[in-house]
Amino acid sequence: MNGRILVVDDEEGLREALAEKLRHSGHAVETAASAEEALAGLSRIRPDLIVTDLMMPGLTGLELLEKVQESLPSVGVVVMTGNEDMASAVAAMKAGAFDYLVKPVRLAQVDELVVRCLREQALNREAEAAPEPTDTGSGGKVVGRDPRMIEIYKMIGVLARNRATVMIRGETGTGKEMVARAIHTNSAHADEPFVAVNCTALSETLLESELFGHVKGSFTGAVSARRGYFEMAGSGTIFLDEIGDTSPEFQTKLLRVLQERTFYPVGGESPKRTEARIIAATHQPMELLVEEGSFREDLYFRLRVVEIEVPPLRERRDDIPRLAEALLERIRTATGSKARHIGPAAMRRLLAHDWPGNVRELENALTRAAVLARGAAIDEEHLVLGLDSDADGVTGGARASGRDDPDDLSLDSAIRRHVQVVLHRTDGNKSETARVLGISRSRLQRYVDRFDLHVPS
């Protein structure tokens, strides 16, 4: 499928290379060295698609995109940039870009994208193209330039323009809540509350009370009526973390909220209405839970209108350096540490580690290192990663108790040793242990019972 393409870039070499590649594929191509030149030629060229650089002297690619959206909303725009940050991707997709590419781009990649855009335009030619309100603000702190993260940034931009229910999936500690916050912060309802609820941290009764509220006397301790998060959130966002661990009874009540936008406070007889958006997250294999009957299939599909899969940190190791630096800056501000740089040896260790606890584990490791570092740099000696135990003089609780075979390399043995190490380091504080491990307190208790672990008192 061929079309009229306008390539806009102040770098002549890239501009001409793209134009030549697209002409070779059969497209009619014109070029412009600036957004101003492109705008001046729009009425003459009448392009089907514009491929534009983001940062150019004068008007930027985003400003060009905005003006094209105002005058020719049916024209597709692909934004290219050397900035791999989340803000650029979110701003471009929110403003209505067809796609977003990070330089250096492959010419074949642009060629394929042009064909896809033209095909989609043909399929939707009869539909009225209404430009979305443009808001180039950015929120959230998701970091990385792995291709899968770039796709998540783009999805955040798209979801920020609507109210679709979202299911975010990924291992514990991958940053699912950060993605949810980014969707909320970039939405038109960013001024409304964002309420995060860990579904495994509360009993069923308390979870329902927190979300739906309760009337006076509805249960022991309910000495007065209380509004729930669904009522207080207004048209903001309710983030339900670890939704896969909820009970069937709670799932039934949540399904009513999604279907009817109403709920009953605990002990109440009159329904209340909510306009809050629901974003759910889980590390559980939801399809298996549905198959086993422990999670309602109808609720699963209601929650999974749009699904985002957050990759584990070990699968995007190239992101570790910039992610570590970003986390260290935040840690330095929070703790008052002088550490502002990660030394080469320490960075090599960070890159070599598998990060079973993902971003949360990385943040915890850097927090400890920043507190221990006396100067401006974090060195290798400041890091304690995974099953490293010599730093605290703990050799692994299960082994110390004589229950563990040193040659046992099974996963259960590794979990047993590691949980015991963290329990010792936190002096038996289960809430802190669960936070460090990146798991719920109830799951920690299951590990303690299953492996008969020693809890220091």
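Residues numbered from 1 in each chain as written. Predicted model: local features only at pLDDT ≥ 70, side-chain atom pairs only at ≥ 80, totals over all residues. Heavy atoms only, no water.

- The protein is annotated in an unreviewed UniProt entry as Sigma-54 dependent transcriptional regulator from Gaopeijia maritima.

## A look at the sheet that holds strand β13 (residues 277-282)
Stage number 1. Pairing within the open sheet is parallel, and its five strands lie in the order β7-β10-β13-β6-β14. The sheet terminates laterally at β7 (194-198) and β14 (306-309), the two strands that pair on one side only. Pairwise comparison of adjacent strand axes, ignoring direction, gives a mean angle of 20° for this sheet.
Stage number 2. Sheet analysis places strand β6 (residues 166-169) next to β14, joined by four bridges and oriented parallel. Among the inter-strand pairings, arginine 169 is bridged to a residue of β14, identified as glutamate 309.
Stage number 3. Helix-sheet contacts for helix α6 (residues 147-159) involve β6, β13 and β14, and the interaxial angle to β14 is about 155°.
Stage number 4. Contacts between helix α7 (residues 176-185) and the sheet are confined to β6, β7, β10 (237-241), β13 and β14, with β7 contributing the most and set at about 160° to the helix. (Pairing = 2+ DSSP bridges. Helix = DSSP H or I, 4+ residues; strand = E, 2+ residues; numbered from the N terminus. Axes fitted to C-alpha atoms, helices over the stretch in contact; angles between N-to-C directions. Contact = heavy atoms within 4.5 Å.)

## What about the nonpolar core?
Stage number 1. Grouped together as the largest cluster of nonpolar side chains are 49 residues, with contacts concentrated most on Leu6, Val8, Ile50, Ile156, Ile168, Val179 and Ile308.
Stage number 2. Both domain 1 (4-127) and domain 2 (147-309) contribute no fewer than three residues apiece to this core.
Stage number 3. With residues up to four places along the chain from it excluded, the contact list for isoleucine 168 reads Lys176, Val179, Ala180, Ile279, Ala280, Ala281, Thr282, Ile308 and Val310. (Core = buried A, V, L, I, M, F, W, Y, C linked by side-chain atoms within 4.5 Å. Buried < 20%, exposed > 50% of the residue type's maximum accessible area, 1.4 Å probe, protein only. Domains from an automatic or database assignment.)

## Concerning the pairing of strand β5 (residues 99-102)
Looking along a regular strand, one sees side chains alternate from face to face of the sheet.
Stage number 1. Side chains of β5 alternate between two faces, with Asp99 and Leu101 and Tyr100 and Val102 buried alike.
Stage number 2. Strand direction decides the pairing type here: strand β4 (residues 76-81) and β5, joined by four bridges, are parallel. Counted as the bridge partner of threonine 81 is valine 102 from β5.

## What about the packing of aromatic side chains?
Each aromatic ring pair is described using two quantities: the centre-to-centre distance and the angle formed by the ring planes.
Stage number 1. In the structure shown here, the tally under the stated rule is seven aromatic pairs.
Stage number 2. Taking 6.2 Å as the distance between ring centres and 25° as the angle between the ring planes, the aromatic pair formed by phenylalanine 212 and phenylalanine 250 counts as stacked. A residue pair is termed long-range when its members are at least 10 positions apart, and phenylalanine 212 in helix α8 (residues 204-212) and phenylalanine 250 in helix α10 (residues 248-260) qualify at 38 residues. Accessibility assignment for this pair places phenylalanine 212 and phenylalanine 250 in one class, buried.
Stage number 3. When the centroid spacing of 6.1 Å and the interplanar angle of 20° are considered together, the rings of tyrosine 447 and phenylalanine 451 count as stacked. Taken together, the residues tyrosine 447 and phenylalanine 451, both in helix α19 (residues 441-451) and four residues apart, mark about one turn of the helix. (Phe/Tyr/Trp six-rings, centres within 6.5 Å; stacked < 30°, edge-to-face > 60°.)

## Focus on the packing of helix α13 (residues 320-335) against helix α15 (residues 358-372)
Stage number 1. Two elements in contact, α13 and α15, have axes separated by 10 Å at closest approach and are oriented at 55°. Classified by the angle their axes make, α13 and α15 are oblique. In this structure, α13 crosses over α15, and the sense of that crossing is right-handed. Counting all contacts with α13, which are made through Leu323, Ala324, Leu327, Leu328, Arg330 and Ile331, the residues of α15 involved are Val359, Leu362, Glu363, Leu366, Thr367 and Ala370.
Stage number 2. When the residues that make up the contact of α13 with α15 are grouped by side-chain class, the tally is nine nonpolar, one polar and two charged. (Parallel < 35°, antiparallel > 145°, perpendicular 65-115°, else oblique. Left-handed = near helix turned anticlockwise from the far one by under 90°. Nonpolar A, V, L, I, M, F, W, Y, C, P; charged D, E, K, R; others polar.)

## Some words on unusual backbone geometry
Stage number 1. Cis geometry is adopted by the peptide bond preceding proline 104, which originates at lysine 103 and carries an omega value of 0°.
Stage number 2. Locating proline 104 in the fold gives a position in the loop between β5 and α5 (107-123).
Stage number 3. Not every positive phi belongs to a glycine, and arginine 46 is a case in point at roughly 45°.
Stage number 4. Looking at the element boundaries, arginine 46 is found in the loop between α2 (35-45) and β3 (49-53).
Stage number 5. By relative accessible area, arginine 46 is classed as partly exposed at 44%.
Stage number 6. One non-glycine residue with positive phi stands out, namely glutamate 242, at about 55°.
Stage number 7. Examined against the element boundaries, glutamate 242 turns out to sit in the loop between β10 and α10.
Stage number 8. In this structure glutamate 242 comes out as buried when scored by relative accessible area, which is 8%.

## Details of the sheet that holds β4
Stage number 1. The sheet built from five strands is open, its strands ordered β2-β1-β3-β4-β5 with parallel pairing. One side of each edge strand has no neighbouring strand; the edge strands of this open sheet are β2 (28-32) and β5. Across the sheet, the mean angle from the axis of one strand to that of its neighbour is 20°, orientation sign disregarded.
Stage number 2. On the sheet, helix α3 (residues 61-71) packs against β1 (4-8), β3 and β4 and is oriented at approximately 155° with respect to β3.
Stage number 3. Contacting β4 and β5, helix α4 (residues 86-94) runs over the sheet at an angle of about 155° to β5.

## As for α4
Stage number 1. For α4, the buried fraction is high: eight of the nine residues fall into the buried class.
Stage number 2. What α4 keeps buried is the set Met86, Ser88, Ala89, Val90, Ala91, Ala92, Met93 and Lys94.
Stage number 3. Turning to α4, the residues buried within the fold contact α3, β4, β5, α6 and α7.
Stage number 4. Immediately beyond the C-terminal end of α4, within one or two residues, lies glycine 96, with a positive phi of roughly 110°.

## Observations regarding the confidence of the model for the protein
Stage number 1. Counting all residues, the mean pLDDT for the protein is 85, and 89% of those residues have values of 70 or more.
Stage number 2. A low-confidence stretch, residues 126-140 stays under pLDDT 50, and its non-local contacts, those more than four residues away or across chains, total 25 contacts.
Stage number 3. Note that residues 389-403 has pLDDT below 50 and, in this model, 28 contacts with residues that lie over four places away or in other chains. (pLDDT = per-residue confidence, 0-100.)

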